[in-house]
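# Reading the structure
Residues per chain, in single letters:
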Amino acid sequence: MMNGWELVIGIEIHAQVKSNSKLFSSSSTDFGSGPNSQVSLVDAAMPGMLPVINKFCVEQAVRSGIGLNAKINNKSIFDRKNYFYQDLPQGYQISQFKDPIVGNGFIDIVLDDQTKRIGIERLHLEQDAGKSLHDQDPNLTFVDLNRSGIALMEIVSNPDMSSADEAVEYVKKVRSILRYLDTCDGNMEQGSLRADVNVSVNKPGDELGTRCEIKNLNSFKYIHSAIIYEAKRQVKSIESGERIHQETRLYNIDSGETRSMRSKEDAHDYRYFPDPDLLPLEIEDKWIEEIKSTIPELPDQKKNRFIKDYNLSEYDAGVIVSDKATSDYYEKVVKNRGPKLVTTWVTSELFSILNKKNLTIDESPVSHDKLGELIDNIESGKVSNRLAKDIFEEMCETGKSPSDIISEKGLSQISDEGELEKLVDDVLLANPENIEKYKKGKDKLFGFFVGEAMKLSKGKANPKLLNELLKSKLNT
Amino acid sequence: MEFDKDSLLKLGKLSKIKIDENKLSSLSSDLGSILKFIDRLQSIETDNVDPTSNSLDQSLVMRDDIALDENSAAEILENAPEKELDFFSVPKVIE
Amino acid sequence: MKAGLNLIEASELLANNETSSVELTKFYLDNINKGEELNCYNTVSSEEALKAAESSDKRRKEEKSKSRFDGIPIGIKDLFCTKNIKTTASSKILSSFVPTYESTASQNCINAGLISLGKLNCDEFAMGSTNKTSYFGSVINPWKSKNSEANLVPGGSSGGSAAAVAADLCIASLGTDTGGSIRQPASFTGTVGLKPTYGRVSRWGIVAFASSLDQAGPITKTVEDSAALFEIISGHDSKDSTSSIKQKENFYDNLNSSVKGMKIGVPKEFKSDNLSASTQKAWDDCKKLLQENGAELIDISLPHTMDALPTYYIIAPAEASSNLARYDGVKYGIRENGKNLIEMYEETRSIGFGDEVKRRILIGTYVLSSGYYDAYYIKAQKVRSLIKSDFNEAFKRVDAILTPSTPSTAFEIKNEPKDPVQTYLNDIFTVPVNLAGIPAISVPFANDENNLPIGLQLITNSFEEQKLLNIAKNVQDTINYAPNLDKWWIK
Ligand SMILES: [Mg+2]
Ligand SMILES: [Zn+2]
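## Quick word on empty space enclosed by the protein
Residues and elements named next belong to chain A. Under the definition given, this model contains 11 cavities of 30 Å³ or more. By volume, the largest cavity is sized at about 80 Å³. Taken together, Val-42, Asp-43, Leu-88, Pro-89, Gln-90, Tyr-92, Gln-127, Asp-128, Ser-148 and Gly-149 form the lining of the largest cavity. Along the lines of polarity and charge, the residues of the lining of the largest cavity split into 4 nonpolar, 4 polar and 2 charged. Of the voids in this model, the second largest cavity is the one considered here, and its volume is about 60 Å³.

Here's what the structure looks like:
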């Protein structure tokens, strides 16, 4: 709520289906090569070309629907959405209007330890458009149809969100679920997942305000700031006596502002009607059940299990499961090891290095085996926690295994009693005054002796044994 | 029966067909005549009738997800009235 | 070379080495040349045809013929995309388009060894019943009224396909039928025209007019040829989602002309005042004939017959308005300059499309637009269900339905009515069949008092083309209709 205004947000997420070929044609979905190189006759809307649906894309939509706790419709219809645009070769987009493949569902988001349920209105399949390049020529726009026809899942939420933070959490959660299901790679920078955000403001108790749609936001940061900007803009307009017009707006990432989209000014009338080139899509319960049986553990379930099995805090569990790869990494490391130590290492040391280097967990310089090995060395007392941090740093730099680093640098912990005794004796011999003070009751000096002995051992002394030995020598 | 001229111009905008001023009149009378003809359906009782959008009684056949590399950019662009490099080109669009 | 050869005769001549494919092809290319005035062909592909004929002769010598029809020249409506051969849909907007691909139906012909002589003129985007909407000008019907020199329409939209077969500018041809576009011109030219069950022939690679109605079929000189060519072009195609998964049948080998015990329905709604006396007489004569041959006549009712045409003129333009959106000057076809994208679209489409096409796009846009969708488009789809169920009811009682193909015979080109709706009435008897998706055939039955051919239409239930062809053959064999066509265009 801002200055007595309520914010109402609904989100349409466009998620590209992770498939080899396009929704209605056999051309490839990866664009390594040049412009218009992954374009079939169907994608280019050549005369007489007809769509044939990709079964895998249907399956992925069903899978995603199940992951969003949604109803899978046994019969759905493909419609044509008619409009002219340079990136839309057919002059219509094949989409689903009245009868989508997936109906009502929901997901739960957690914000400030509060769980909130966000309703999903529907998920439908549709074709992606081509890409336009506006900056290659002063007088021309260039069109590349490589993306044209790739399968999109459009996931439409109810207008259940009331802050930019909730909106971001919602998109994060949907993205996380799709990545768990492996139906969309969720790569927002590359545009495989993008959000259209509908924002309106109203006074508490009043009816909903007129909404504006901000199109194609492809990062959490942009979603957040676009909503904040747009809400303020609407409030300011209304407070200065203007009316909000329902319109499509674009977010400018440089200025952080939203502006009306000029090319969409024409009043549009999409003239949806069932695509006569396609028959109704029928999905039998048997197939839905088969797909259900292959659904992996999803973030919410996993979080509960982690809390229960590994005694994780709600917060740590939430962070670890939000990304499937992270949770997989965590589980591999935690296997047969103490969860507390593993959690600390993953959430603090590992996350901080990944953050610093701007890497994903898949790109981590330290593999799960190597981190596990390091933790084993800590658990067995071979290296101290402090030393382990140095080793970890070196692992990140060089990619070497912890045992290699330990043996190369002779970093193995000194646990040999004779060796330790010699260390302790050397320290005591060098500090007779401090021994005097200690014995007179200055207990704090115990730490000084430990520190000196550690220094002398170059950090390798087994702290527990060192403590015991010092204590017994000083107290006699 | 004449088809309303403003509506006709609006239809032209929607379907991206420029309607010449000098054809407006004949076109609106043609469309009016067609409209009158199809209006005949309004009197038919269809309350409990399901619509048919395709007469073929079959459910949608699906294909396997196999990517084929069938067309080069050159082939796709072969008939393009204007192209630049390997792109289709159109008058500059301002979003 | 004997004039007026049909597919079966030509295949026998080839089999007996009495002619070669090259000889046949040259003969027809020569006929095309002589018949230029008829304006049947948009493109004649002489070189490609002769090359294909040579290959065919070579195959025959090596006993590697692709089928018994290998080497026979046919014509193809300019709506089928043909690889490396211009395909225009008789529209200015596509006047420069050369596909890099071959439609499934025409590819099936190539696979059987048939040779394409070229692309046949038609109404622009198959929208018309006179062939006058073609950007390349009207096709002229080879038939003339007894006491007049006036040029007559060949019917449409497959006017070139029908006229070319009638005038012997090819042995047989491919057409398409969305609301009667094969049967009506067949009726106007004394040829046999088959509109198969929707889904029998792949639509892949055929320029779309109205996707839920379009169906390709043969126009031929005889019912046997119709069966043979239909067999060649039909069959499931995984590239067309509306292609029937039913197995291909051997329509030609299974021809059996007996109608004994068959029940033939005669719908009372087709008796209209618009029906010419001679057409009415031909219809009555045919009923009698079928009865004499052992069939039983049954009066039936198809109550929504008169609602079919307005239904069609909502559904077909609606689908067309969307199907033709792709012609926007970007990917292929002509482009007219505009100072921005929208103006480029509007100029290109305004100049590229003819009047009838524009009318239909506008009407189609209207019936789909918000506020009118339910009243027109959904209403029409519901009436379509009623029309289909009329036929379903009828086929519970009868094997086939007999009607005239058209209310009248061919009329003068210059006599086309001002009001487009008057022209639409040509298709009043053919359109219900497309809406129901069922097969029908037009067979020439007699000539009227002006010596112009009258066609009668037989209709069966979905996928019962064999029965349809059998009854048509019975009629053909009984009447032995011989077109006494004067080849006035050969000077
Ligand atoms: Mg949307
Ligand atoms: Zn969408």
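Moving on, there is more to tell.
## A short note on unusual backbone geometry
Omega for the peptide link from Gly-156 of chain C to Ser-157 of chain C comes to 5°, which places this bond in the cis form. Inspection of the secondary structure puts Ser-157 of chain C in the loop between strand S3 (115–120) and helix H5 (159–166). A positive phi angle, near 60°, is found at Asn-311 of chain A, a position not held by glycine. For Phe-125 of chain C, which is not glycine, the phi dihedral falls at a positive 50°. Mapped onto the elements of the fold, Phe-125 of chain C is located in the loop between S3 and H5.

## Some words on the coordination of the magnesium ion (ligand 1)
Metal coordination angles have textbook ideals: 109.5 degrees for a tetrahedral set of four donors and 90 or 180 degrees for an octahedral set of six. Residue and element names in this part refer to chain A. At 2.5 to 2.8 Å from the magnesium ion (ligand 1) lie its protein donor atoms, namely Glu-12 (OE) and Glu-154 (OE). Between the magnesium ion (ligand 1) and the zinc ion (ligand 2) the interatomic distance amounts to 3.8 Å, and Glu-154 serves as a bridging ligand to the pair. Separated by 142 residues along the polypeptide, Glu-12 in strand S1 (residues 6–16) and Glu-154 in strand S9 (residues 151–157) bring together distant segments of the chain. Judged by relative accessible area, Glu-12 falls into the buried class, the value being 17%.

## Quick word on the pairing of strand S4 (residues 92–95) of chain A
Residue and element names in this part refer to chain A. Side chains Tyr-92 and Ile-94 project from S4 onto one buried face, and the interleaved Gln-93 and Ser-95 project onto a second face that is buried too. In this sheet, S4 lies alongside strand S3 (residues 79–82) in antiparallel orientation, the contact comprising 4 bridges. Considered in S4, the bridge of Asp-79 is made with Ser-95.

## Re the packing of aromatic side chains
Here a ring pair, both rings aromatic, is described through the centre-centre distance and the interplanar angle of the planes. Applying the stated rule across the entire model yields 35 aromatic pairs over all chains. With 5.2 Å between their ring centres and 70° between their planes, Tyr-135 of chain C and Phe-136 of chain C make a pair best called edge-to-face. Given the relative accessible area of 43%, Tyr-135 of chain C is considered partly exposed. Phe-136 of chain C sits in the partly exposed class, given a relative accessible area of 30%. Among the aromatic side chains, those forming a connected cluster through ring pairs are Phe-97, Phe-125, Tyr-327, Tyr-332 and Phe-353 of chain C. In this structure, Lys-55 of chain A is placed above the aromatic ring of Trp-287 of chain A, and the distance from its NZ or CZ to the ring centre is 5.3 Å. In this structure, Lys-239 of chain C is placed above the aromatic ring of Trp-204 of chain C, and the distance from its NZ or CZ to the ring centre is 3.6 Å.

## Observations concerning the side chain of Ser-442 of chain C
Residues and elements named next belong to chain C. Here Ser-442 lies in strand S10 (residues 440–447). At 2.8 Å, the side chain of Ser-442 and the side chain of Ser-405 are in polar contact. If we ignore the near neighbours within four places in the chain, the residues touching Ser-442 are Arg-183, Ala-186, Ser-187, Thr-191, Val-192, Gly-193, Ser-405, Gly-455, Leu-456 and Gln-457.

## Digging into the domain arrangement of chain A
When its domains are assigned, chain A resolves into domain 1 (6–291), domain 2 (299–409) and domain 3 (417–474). Here domain 2 of chain A and domain 3 of chain A have C-alpha centroids that lie 33 Å from each other.

## With respect to the coordination of the zinc ion (ligand 2)
Residue and element names in this part refer to chain A. Bound to the zinc ion (ligand 2) on the protein side are His-14 (NE2), Glu-126 (OE) and Glu-154 (OE), at distances that span 1.9 to 2.1 Å. Along the chain, the residues that donate to the zinc ion (ligand 2) are spaced as H-x111-E-x27-E. According to the relative accessible area criterion, His-14 is buried, its value standing at 9%. On the basis of relative accessible area, Glu-126 is assigned to the buried category, the value being 4%.

## So, the sheet that holds strand S2 (residues 87–91) of chain B
Backbone hydrogen bonds are what pair the strands of a sheet, in a parallel or an antiparallel way. Reading across from one edge, S7(A)-S8(A)-S2(B)-S1(B) is the order of the 4 strands in this open sheet, with antiparallel pairing throughout. A strand with exactly one partner marks an edge of an open sheet, and here the two such strands are strand S7 (131–133) of chain A together with strand S1 (83–84) of chain B. Bridge count for S7 of chain A against strand S8 (residues 140–144) of chain A is 3 bridges, and the pairing is antiparallel. The residue of S8 of chain A that forms the bridge with Leu-133 of chain A is Phe-142 of chain A.

## Concerning the environment of Gly-381 of chain A
Residues and elements named next belong to chain A. Among the structural elements, Gly-381 can be located in the loop between helix H9 (368–379) and helix H10 (385–398). Residues Gly-381 and Pro-463, spaced 82 residues apart in sequence, show a C-alpha to C-alpha distance of 9.1 Å. Residue contacts for Gly-381: discarding those within four places in its chain leaves Gln-413 and Asn-462.

## Points about the nonpolar core
All names here are of chain C. Within the largest apolar cluster, 202 residues are counted, with the highest numbers of intra-cluster contacts made by Phe-125 and Leu-290. Among the elements that line this core, the one with the most residues is helix H12 (residues 373–397), at 11 residues. In this structure Leu-290 touches Val-259, Ile-264, Ala-295, Leu-402, Ile-471, Asn-474 and Val-475, once residues within four positions along its chain are discounted.

What counts, and where the lines are drawn
- Residues numbered from 1 in each chain as written.
- Chains lettered and ligands numbered in written order.
- Predicted model: local features only at pLDDT ≥ 70, side-chain atom pairs only at ≥ 80, totals over all residues.
- Heavy atoms only, no water.
- 1 Å grid on protein atoms, 1.4 Å probe; cavity = no way out; pocket = protein on both sides within 12 Å on 5 of 7 lines; lining within 4 Å.
- Points joined across faces, edges and corners; volume = space filled by probe spheres on them.
- Nonpolar A, V, L, I, M, F, W, Y, C, P; charged D, E, K, R; others polar.
- Helix = DSSP H or I, 4+ residues; strand = E, 2+ residues; numbered from the N terminus.
- Donors = N, O, S within 2.8 Å, 3.2 Å for Na, K, Ca; no water.
- Buried < 20%, exposed > 50% of the residue type's maximum accessible area, 1.4 Å probe, protein only.
- Pairing = 2+ DSSP bridges.
- Phe/Tyr/Trp six-rings, centres within 6.5 Å; stacked < 30°, edge-to-face > 60°.
- Lys NZ or Arg CZ within 6 Å of the ring centre and 35° of its normal.
- Polar contact = N/O pair within 3.5 Å; in protein donor to acceptor, adjacent residues only side chain to side chain.
- Contact = heavy atoms within 4.5 Å.
- Domains from an automatic or database assignment.
- Core = buried A, V, L, I, M, F, W, Y, C linked by side-chain atoms within 4.5 Å.

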